[in-house]
Amino acid sequence: MPAPVVGIVGAGQLARMLHEAASALGINTVVLANSHDESAAQVAAGVEIGSPDDLDALLRLARRCDVVTFDHELVNPEHLAALADEGHVLRPGPGTLEVAVNKLEQRRRFEAAGLPVPAWAKATQAVEITRFAERHGWPVVVKASRGGYDGRGVWICASPDEVTAVARMDAGGVFVVEEFVVLEQELAVLVARRPGGETAVYPVVETVQRDGVCHEVVAPALIGEELAAKARQIGEAVAAEVGSTGNLAIEMFVTDGKLLINEIAARPHNAGHFSIEGCVTSQFENHLRGVLDWPLGDTALVAPAAVMVNVFGNGKVAEPAGKIPEATAVSGAHVHWYGKGSRPGRKLGHVTTLGPTADEALARARAAAFALDPREMGR
Ligand SMILES: Nc1ncnc2c1ncn2[C@@H]1O[C@H](COP(=O)(O)OP(=O)(O)OP(=O)(O)O)[C@@H](O)[C@H]1O
Ligand SMILES: [Mg+2]
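Residues numbered from 1 in each chain as written. Chains lettered and ligands numbered in written order. Predicted model: local features only at pLDDT ≥ 70, side-chain atom pairs only at ≥ 80, totals over all residues.

## Structural notes on the domain arrangement of the protein chain
Part 1 of the reasoning: Here the protein chain is partitioned into domain 1 (5-90), domain 2 (119-179) and domain 3 (185-376).
Part 2 of the reasoning: Put simply, the middle of domain 2 and the middle of domain 3, counted by C-alpha atoms, are 29 Å apart. (Domains from an automatic or database assignment.)

## Some thoughts on unusual backbone geometry
Part 1 of the reasoning: For the bond running from R91 to P92, omega is 0°, close enough to zero to count as cis.
Part 2 of the reasoning: Structurally, P92 can be placed in the loop between α3 (77-85) and α4 (94-100).
Part 3 of the reasoning: Residue P139 is bonded to the preceding W138 through a cis peptide linkage, with omega at -10°.
Part 4 of the reasoning: Mapped onto the fold, P139 is located in the loop between α6 (126-136) and β6 (140-144).
Part 5 of the reasoning: With a phi close to 50°, D211 is a non-glycine residue in the positive phi region.
Part 6 of the reasoning: Relative to the helices and strands, D211 is located in the loop between β11 (205-210) and β12 (213-219).
Part 7 of the reasoning: In the Ramachandran plot, D256 falls in the positive-phi region, its phi being about 55° despite a non-glycine side chain.
Part 8 of the reasoning: For D256, the location among the structural elements is in the loop between β13 (246-255) and β14 (258-265). (Helix = DSSP H or I, 4+ residues; strand = E, 2+ residues; numbered from the N terminus.)

## So, the site of ligand 1
Part 1 of the reasoning: Lining the immediate surroundings of ligand 1 are 22 residues, of which V141, Y149, V181, Q209 and G212 lie closest.
Part 2 of the reasoning: Where the shell around ligand 1 is concerned, the elements lending two or more residues are β6, β12 and β14.
Part 3 of the reasoning: Residues belonging to the shell around ligand 1 are distributed by class as follows: 9 nonpolar, 6 polar and 7 charged.
Part 4 of the reasoning: Looking at which domains feed residues into the shell around ligand 1, each of domain 2 (119-179) and domain 3 (185-376) supplies at least three. (Near = placed C-beta within 6 Å. Nonpolar A, V, L, I, M, F, W, Y, C, P; charged D, E, K, R; others polar.)

## Comments concerning the environment of A303
Part 1 of the reasoning: Mapped onto the secondary structure, A303 falls in the loop between α10 (283-291) and β15 (305-312).
Part 2 of the reasoning: The class for A303 is partly exposed, based on 15 C-beta atoms found within 10 Å.
Part 3 of the reasoning: A sequence separation of 163 residues divides A303 from V140, and the C-alpha atoms of the two residues are 40 Å apart. (Buried ≥ 20, exposed ≤ 12 C-beta atoms within 10 Å, placed from the backbone.)

## Considering the sheet that holds strand β7 (residues 154-157)
Part 1 of the reasoning: Strand order in this open sheet of 4 strands is β5-β8-β6-β7, and the pairing throughout is antiparallel. In this open sheet, the two strands that pair with only one neighbour each are β5 (120-123) and β7. In this sheet, neighbouring strand axes are inclined to one another by 25° on average, regardless of whether the strands run parallel or antiparallel.
Part 2 of the reasoning: In the sheet, β5 pairs with strand β8 (residues 175-179) via 4 bridges, with the strands oriented antiparallel. Across the sheet, residue A123 finds its bridge partner in β8, namely F175.
Part 3 of the reasoning: The strands touched by helix α5 (residues 103-112) are β5, β6 and β8; relative to β8, the strand with the most contacts, the crossing angle is about 55°. (Pairing = 2+ DSSP bridges. Axes fitted to C-alpha atoms, helices over the stretch in contact; angles between N-to-C directions. Contact = placed C-beta atoms within 7 Å.)

## As for the sheet that holds strand β2 (residues 28-33)
In a beta sheet, neighbouring strands are held together by backbone hydrogen bonds and run either parallel or antiparallel to one another.
Part 1 of the reasoning: Within the open sheet, the 4 strands sit side by side as β3-β2-β1-β4. Their pairing is parallel. One side of each edge strand has no neighbouring strand; the edge strands of this open sheet are β3 (46-49) and β4 (67-70). Between one strand axis and the next, the sheet turns by 25° as a mean value, whatever way the strands run.

## A word on the packing of α6 against helix α7 (residues 160-169)
Part 1 of the reasoning: Taken N-terminus to C-terminus, the directions of α6 and α7 make an angle of 145°; their axes are 9 Å apart at the nearest point. The crossing of α6 and α7 is right-handed. Residues A126, I129 and T130 of α6 form the contact with α7, whose own contacting residues are P160, V163, T164 and A167.
Part 2 of the reasoning: Split by residue class, the contact of α6 with α7 holds 5 nonpolar, 2 polar and no charged. (Left-handed = near helix turned anticlockwise from the far one by under 90°.)

## A word on the nonpolar core
Part 1 of the reasoning: Membership of the largest hydrophobic core comes to 98 residues, with the highest contact counts inside it found for V31, I250 and V307.
Part 2 of the reasoning: Per-element accounting of this core gives the leading share, 9 residues, to helix α12 (residues 358-372).
Part 3 of the reasoning: Per-domain counts for this core show at least three residues from each of domain 1 (5-90) and domain 3 (185-376).
Part 4 of the reasoning: In this view, V31 contacts I8, A11, A15, A40, A41, A44 and V47; residues no more than four positions away in its chain are not counted.
Part 5 of the reasoning: Judged by nonpolar contacts, the second largest core, of 15 residues, contains A133, V142, A167 and V177. (Core = buried A, V, L, I, M, F, W, Y, C linked by C-beta atoms within 7 Å.)

What follows is the structure in structure tokens.
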């Protein structure tokens, strides 16, 4: 049997780590990259240069592959339909991607399926947001329905003036307005799924956000077994609802001891990077297995605790890659570097450590991350 070829739309760090898992299994990857400098384009077996907004580039990629998957969901639905029309296999499919890219559609679908979501409303004008806030109380959270990531496209509005400012900034946009949830914890559930519906669910993790961006992940989440079981159950229900293939990440809030769904991503996710060393089968390997319709691998943790700390560009250390040897000197630190240029706030890499407890593992992961990003100091 010739090696299967998986095409990946996008060439960021998720595509790069998919390639690493693919390589071990004798799967070839071809990535669609804007340039040869992009993270995954530096390593993939094949690179197709072009924009994900360009149908011709997408078709060139698809014609080189057995199945097309995605490093991000921002692909024109008409282009996805054109790829499907030409007989290409898209996994996840256009229906799943459309929900994953659209926060409004997520709120609608999950609520209709009886799944728990924050109080929300659709808004296209400032007055609709203000009316919602008058019913539910200030502050409210306003989100661009499409296109947000890493906290961009999410605004907390505490007054009508702030609503006006957001609406002006994003004139003509479609928003979701929702209640400001008092967060006890944020959790994520990762579900790998085959086209026929078989799933493998990862241990529930806790994600720690700062300024709307994930900084640390702790596996397993320090929560009771009942809440963990409920989170996994919601994760599986969401995966079935959107008919995902490959990895689906479901972000959740814990408030007042209860779970609410925040949002989903239909691809490998930052909350699952720990699984490369932390689980029997990583999220990247299970994503590939899912999209190729292979048997899914065991998702169990291989240690009592696994933690991940992200490394960001900080504008002070121009070439943090030079510090990698220092970071690797921390015992048990698994350093992952994405090969991206350093810019303030940009995710450049991550560190995973395993340990007998989350605290013990976190101390070492932070020490290694500190070598690469001195902002980590003082925590
Ligand atoms: N309704 C809410 N109440 C309180 N905090 C919220 C609410 N919605 C979002 N947040 C906070 O903002 C963060 C980012 O929101 P969200 O996940 O919707 O945005 P994103 O930019 O798509 O995220 P990502 O970083 O996952 O790409 C959440 O992880 C959470 O910390
Ligand atoms: Mg999020």
